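# Understanding the architecture of this molecule
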There are 2 protein chains.
Amino acid sequence: MIEDKNQSRTPISDLGEFGLIDHLTKHFKVTQKSTVKSIGDDAAVLDFKSKQAVITTDILVEHVHFDLSYMPLKHLGYKAMIANLSDVYAMNATATQVTIAIAISNRFPLEALEELYAGIETASKIYGVDVVGGDTTSSTTGLIISITAVGEVDKKDVVYRSGAKPNDLLVVTGDLGAAYMGLQVLEREKEVFKVNPNNQPDLEPYTYIVERQLKPEARKDIVKLLKDLEVKPTSMIDISDGLSSEIIHLCKQSDVGAVLYENKIPLDPQVISTCEEFKIDSTTIALNGGEDYELLMTVSQDDFPKIKGNPNLTVIGYMTEKEQGMHLITRGDTLIPLIAKGWNALKDQ
Amino acid sequence: MIEDKNQSRTPISDLGEFGLIDHLTKHFKVTQKSTVKSIGDDAAVLDFKSKQAVITTDILVEHVHFDLSYMPLKHLGYKAMIANLSDVYAMNATATQVTIAIAISNRFPLEALEELYAGIETASKIYGVDVVGGDTTSSTTGLIISITAVGEVDKKDVVYRSGAKPNDLLVVTGDLGAAYMGLQVLEREKEVFKVNPNNQPDLEPYTYIVERQLKPEARKDIVKLLKDLEVKPTSMIDISDGLSSEIIHLCKQSDVGAVLYENKIPLDPQVISTCEEFKIDSTTIALNGGEDYELLMTVSQDDFPKIKGNPNLTVIGYMTEKEQGMHLITRGDTLIPLIAKGWNALKDQ
């Protein structure tokens with residue numbers, strides 16, 4: 001029997017637009033009570049009853065935000081979801097629905113879209129969000145994904161960027177800089193591969209940081225943890241552009257200053273060792289490397305006993321009067337002003 | 001004084017991402033009661049109280065959905081809004097908020113983005129919707145716009161595609177086919193321009209159809225009219241892909257058949273004359289030409305006295321048992337099965 005080598009490459013045009021959306025979303029189940037009507041009408045219908053809704057949108061572009069040479073499509077779908085869900089959690093809300101808009105060039109077969117949607121579906125299951133709408137269309141070049149995430153929150157629980165007060169503790173979840181260092185490793189391996197395509201990369205020493213780049217998670221657990229601890233942060237933001245830029249956002253919107261201690265910044269040992277290998281300062285990476293999707297929050301000093309010693313939460317500084325500015329206190333006790341370099345700026349260097 | 005010829009071309013990178021969003025959205029005012037928190041946090045916060053929310057997403061890609069050689073950016077921004085708002089009105093809902101995601105190549109200066117946003121702002125003012133979120137990023141080529149529109153509706157008022165019953169009247173708003181014929185005229189003029197760039201097109205005989213293509217409107221007024229008339233359609237959909245394809249959607253989702261009378265299809269005289277000029281059958285255009293953004297609905301026979309003679313509403317047929325299928329009855333009394341060719345298919349011919 002002669003094998004059809006093209007059997008796994010179905011042109012997207014075979015299905016037509018309506019067939020395509022049906023095909024890609026037929027596995028999706030509705031699990032949220034607030035989803036009244038999902039995919040299949042002019043719009044989805046949601047009912048948040050007495051709760052408030054939050055809504056946030058991101059757009060990801062091939063060659064700008066991701067590189068398919070080391071980012072599998074399934075991971076890309078997953079990560080695109082995470083980037084949006086993270087913004088919902090940063091409001092102290094529960095993520096409930098997403099809509100997905102995709103433009104894709106016909107260099108991709110149907111199977112590629114299925115992979116992408118498999119990642120979206122995996123994230124939707126793990127995070128318990130319903131995919132309630134979408135639009136899939138052709139692009140002249142490349143792949144573009146725009147996701148809008150919706151969440152719900154009790155009015156009394158919503159946390160803005162603007163509520164930080166002087167003396168509030170500055171608290172961060174997880175550890176920082178790993179996603180950026182994972183990207184450095186992947187980009188190095190890509191260059192090696194270009195020179196010698198037979199070379200198999202040994203990513204074993206970089207498992208954690210590469211996973212943080214390719215399959216990040218959003219901190220849904222923190223929203224629950226804060227509720228369990230009965231702590232409502234005074235302000236909160238997710239870390240997508242680097243710690244420095246996010247601290248500056250909280251300070252500007254809350255009209256306060258901040259002090260950040262270099263020696264308190266949580267770093268994974270793999271970040272430290274990889275930074276040494278790449279001869280990069282790990283604090284610079286934590287401050288400016290992006291895509292960590294951790295949460296940065298301020299917490300009243302009164303709540304310190306509730307968060308003390310919690311392995312998910314690290315106190316890294318405190319807020320001050322606005323006039324005192326925004327500073328990093330180095331290990332050598334030097335005061336350095338915080339600058340918003342951000343992930344993109346760093347990448348362009 | 002020497003004029004700086006480049007004064008109106010500011011590179012987008014001059015502003016940076018945060019500066020850019022601030023710059024583009026600073027004129028936007030919040031007018032909807034349900035907008036609790038707009039642009040400036042990780043997500044916008046909305047409160048629909050006892051109402052249900054509807055949500056819909058579209059993505060528009062340069063060279064696929066629009067051609068900037070005859071579509072001014074301001075009109076494009078306006079039209080992108082209309083395409084989404086139309087979906088909200090098709091749920092019998094009031095459009096309340098939108099989020100805007102844009103990917104744009106750096107061949108566009110800041111002033112181009114300002115034009116695009118001016119169109120978005122004009123639509124947001126006219127239709128009374130708040131722009132509550134957005135993401136603007138670079139693309140490797142071209143311009144991509146994804147808009148998510150949100151609306152609110154009393155639970156009892158929401159209209160799906162699935163409620164049509166046999167004997168319900170099939171009703172359409174406005175007239176059909178004009179946007180498609182406007183596109184034909186614009187594409188013809190583009191070809192003429194390529195041959196002779198000094199030729200000034202005379203669009204005077206095509207004012208209405210060109211405007212329907214370049215500056216369409218969404219039928220917000222119909223949602224209000226139906227409320228005033230105390231008519232709740234049994235099903236409704238917006239006409240973005242052509243009458244034929246939308247009738248088929250209503251029939252499939254409502255499990256019914258339909259009869260459409262060719263001689264009842266509302267056509268503007270300019271559509272008829274331009275179809276004659278282009279030697280195209282006007283019924284084919286009404287059935288398959290897209291982007292009309294009119295509403296197609298089914299109404300119970302009991303409500304006929306309420307809609308009779310209303311200049312905004314034309315009865316074009318009625319629904320039947322599913323077994324009777326979906327047919328067009330021609331002027332010559334011939335029965336022709338309805339086929340979903342749709343706008344894109346037509347365009348590809």
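These numbers come from a predicted model, not from an experiment. (Residues numbered from 1 in each chain as written. Chains lettered and ligands numbered in written order. Predicted model: local features only at pLDDT ≥ 70, side-chain atom pairs only at ≥ 80, totals over all residues. Heavy atoms only, no water.)

Counting residues at the interface gives 59 residues for chain A, matched by 58 residues for chain B. For the pairing of chain A and chain B, the buried interface totals around 4500 Å² over both sides, and the portion due to carbon and sulfur atoms is 54%. Looking only at chain A, the three residues that lose the most surface to chain B are Asp42, Ile55 and Ile59 of chain A, adding up to 16% of its buried area. The tally of links between chain A and chain B comes to 4 salt bridges. For the salt bridge of Arg161 of chain A with Asp41 of chain B, the shortest nitrogen-to-oxygen distance reads 3.7 Å. Scanning the region where chain A abuts chain B turns up 24 residue pairs in polar contact (both at pLDDT 80 or more). Among the elements that take part in the side of chain A that touches chain B, strand β3 (residues 52-61) of chain A stands out by supplying 9 residues, more than any other. Here the side of chain A that touches chain B is built from residues that sort into 25 nonpolar, 19 polar and 15 charged. As paired elements, β3 of chain A and strand β2 (residues 44-46) of chain B share 3 bridges and run antiparallel to each other. Paired with Ile55 of chain A across the two strands is Ala44 of chain B, which belongs to β2 of chain B. (Contact = heavy atoms within 4.5 Å. Buried area = accessible area lost by both parts, 1.4 Å probe. Salt bridge = Lys/Arg side-chain N within 4 Å of Asp/Glu carboxyl O. Polar contact = N/O pair within 3.5 Å; in protein donor to acceptor, adjacent residues only side chain to side chain. Helix = DSSP H or I, 4+ residues; strand = E, 2+ residues; numbered from the N terminus. Nonpolar A, V, L, I, M, F, W, Y, C, P; charged D, E, K, R; others polar. Pairing = 2+ DSSP bridges.)

Here we take up the domain arrangement of chain A. Residues and elements named next belong to chain A. The domains assigned to chain A are domain 1 (12-157) and domain 2 (169-348). Distance from the C-alpha centre of domain 1 to the C-alpha centre of domain 2: 26 Å. Of the residues lining the interface, 22 residues belong to domain 1; the matching set on domain 2 comes to 23 residues. When domain 1 packs against domain 2, the two sides together hide about 2100 Å² of surface, and 57% of this comes from carbon and sulfur. Its largest share of buried area at the contact with domain 2, domain 1 owes to Tyr70, Lys79 and Tyr89, together 30% of the area lost on that side. The tally of links from domain 1 across to domain 2 stands at 3 salt bridges. Taking the shortest distance from any N to any O, the salt bridge between Asp67 and Lys190 comes out at 2.5 Å. (Domains from an automatic or database assignment.)

So, on to the sheet that holds strand β5 (residues 130-138) of chain B. If you walk across this open sheet you meet the 6 strands as β1(A)-β2(A)-β3(B)-β6(B)-β4(B)-β5(B), and the pairing is mixed. Since the sheet does not close on itself, it has two edges, and those belong to β1 (35-37) of chain A together with β5 of chain B, each with one partner. The average angle at which neighbouring strand axes cross in this sheet is 25 degrees, direction not considered. Contacting β3 (52-61), β4 (94-104) and β6 (143-153) of chain B, helix α2 (residues 73-89) of chain B runs over the sheet at an angle of about 35 degrees to β6 of chain B. Seen against the sheet, helix α3 (residues 110-127) of chain B touches β4, β5 and β6 of chain B and runs at an angle of roughly 175 degrees to β4 of chain B. (Axes fitted to C-alpha atoms, helices over the stretch in contact; angles between N-to-C directions.)

All names here are of chain A. Per the UniProt record, "binding site: Mg(2+) 3" (unreviewed entry) is found at Asp42, Asp87 and Asp238. These annotated residues cover 197 residues of sequence, and their C-alpha atoms reach 32.2 Å apart at the extremes, leaving them scattered rather than at a single site. With respect to the helices, strands and loops of the structure, Asp42 is situated in the loop between β1 and β2 (44-46). With relative accessibility at 5%, the residue Asp42 sits in the buried group. (UniProt positions renumbered as here; feature names shortened; annotations may be inferred. Buried < 20%, exposed > 50% of the residue type's maximum accessible area, 1.4 Å probe, protein only.)

All names here are of chain B. Note that Gln32 resides in the loop between α1 (16-25) and β1 (35-37). Looking at Gln32, its side chain comes within polar contact range of the main-chain oxygen of Gly128, at 2.7 Å. Contact partners of Gln32, with chain neighbours within four places excluded, come to Ala95, Thr96, Gln97, Gly128 and Asp130.

What follows covers the UniProt feature "binding site: Mg(2+) 5" (unreviewed entry) in chain A. Residues and elements named next belong to chain A. In the numbering used here, UniProt assigns the feature "binding site: Mg(2+) 5" (unreviewed entry) to Asp241. Along the polypeptide, Asp241 turns up in the loop between β8 (235-239) and α7 (243-254). Asp241 sits in the buried class, given a relative accessible area of 16%.

Residues and elements named next belong to chain A. At their nearest, the axes of helix α4 (residues 178-195) and helix α8 (residues 269-278) sit 10 Å apart, and the two run at 45 degrees to each other. Here α8 runs oblique to α4, going by the angle between their axes. The chirality of how α4 crosses α8 is left-handed. Contacts between α4 and α8 involve Ala178, Met181, Gln184, Val185 and Arg188 from the former and Val271, Thr274, Cys275, Glu277 and Phe278 from the latter. Residues that form the contact of α4 with α8 fall into these classes: 6 nonpolar, 2 polar and 2 charged. (Parallel < 35°, antiparallel > 145°, perpendicular 65-115°, else oblique. Left-handed = near helix turned anticlockwise from the far one by under 90°.)

For an α-helix the count is 3.6 residues per turn, leaving residues at separations of three or four pointing the same way. All names here are of chain A. Compared with the 16 Å implied by 1.5 Å per residue over 12 residues, the 16 Å span of α7 between its first and last C-alpha is a close match. Along α7, 10 of the 12 residues are buried, which leaves the element largely enclosed by surrounding structure. Of the positions making up α7, those classed as buried are Leu243, Ser244, Ser245, Glu246, Ile247, Ile248, His249, Leu250, Cys251 and Ser254. Immediately beyond the C-terminal end of α7, within one or two residues, lies Asp255, with a positive phi of roughly 60 degrees. (Expected span 1.5 Å × (residues − 1).)

Here we come to α8 of chain A. Residues and elements named next belong to chain A. By the burial criterion, the buried members of α8 are Gln270, Val271, Thr274 and Cys275. Buried residues of α8, seen end-on, are gathered within an arc of 130 degrees and therefore sit on one face of the element. Opposite the packed face of α8, turned more than 90 degrees from it, sit the exposed residues Pro269 and Glu276. Among the structural elements, α4, α5 (207-214) and α9 (282-288) are those in contact with the buried residues of α8. Capping of α8 at its N-terminal end is provided by Asp268; its side-chain oxygen lies 2.9 Å from the backbone amide nitrogen of Gln270. (Arc of directions from axis to C-beta.)

Right, let's get into the packing of aromatic side chains. Evaluation of the coordinates by the stated rule reveals 6 aromatic pairs over all chains. Their ring planes at 85 degrees and their centres at 6.0 Å tell us that Phe28 of chain B and Tyr117 of chain B sit as a pair that is edge-to-face. Within this pair, whereas Phe28 of chain B is found in the loop between α1 and β1, its partner Tyr117 of chain B is found in helix α3, the two being separated by 89 residues in sequence. We note that Phe28 of chain B, like Tyr117 of chain B, is buried. Directly above the ring of Tyr78 of chain A sits Lys215 of chain A, whose terminal nitrogen or CZ lies 4.5 Å from the centroid. Seen from the ring of Tyr160 of chain A, Lys37 of chain B lies directly overhead, with NZ or CZ sitting 5.3 Å from the centre. (Phe/Tyr/Trp six-rings, centres within 6.5 Å; stacked < 30°, edge-to-face > 60°. Lys NZ or Arg CZ within 6 Å of the ring centre and 35° of its normal.)

This paragraph deals with the pairing of β6 of chain B. All names here are of chain B. The buried fraction of β6 is high, at 11 of 11 residues. Residues Leu143, Ile145, Ile147, Ala149, Gly151 and Val153 point to one face of β6 and Ile144, Ser146, Thr148, Val150 and Glu152 to the other, with burial holding for every one of them. As paired strands, β3 and β6 are joined by 10 bridges and run antiparallel to one another. Within β6, the position partnered with Gln52 by the bridge is Val153. Here 10 bridges tie β4 to β6, and the two strands are oriented antiparallel to one another. Bridging across to β6, Thr99 finds its partner in Thr148.

Superposition of chain A onto chain B requires a rotation of 180 degrees combined with a translation of 0.0 Å along the rotation axis, giving an RMSD of 0.0 Å. Considering both components of the superposition, the chain copies are consistent with a two-fold axis. Counting the interface residues of chain A, we find that 98% of their copies in chain B are interface residues as well, pointing to one common contact surface. (Least-squares fit on C-alpha atoms with pLDDT ≥ 70 in both.)

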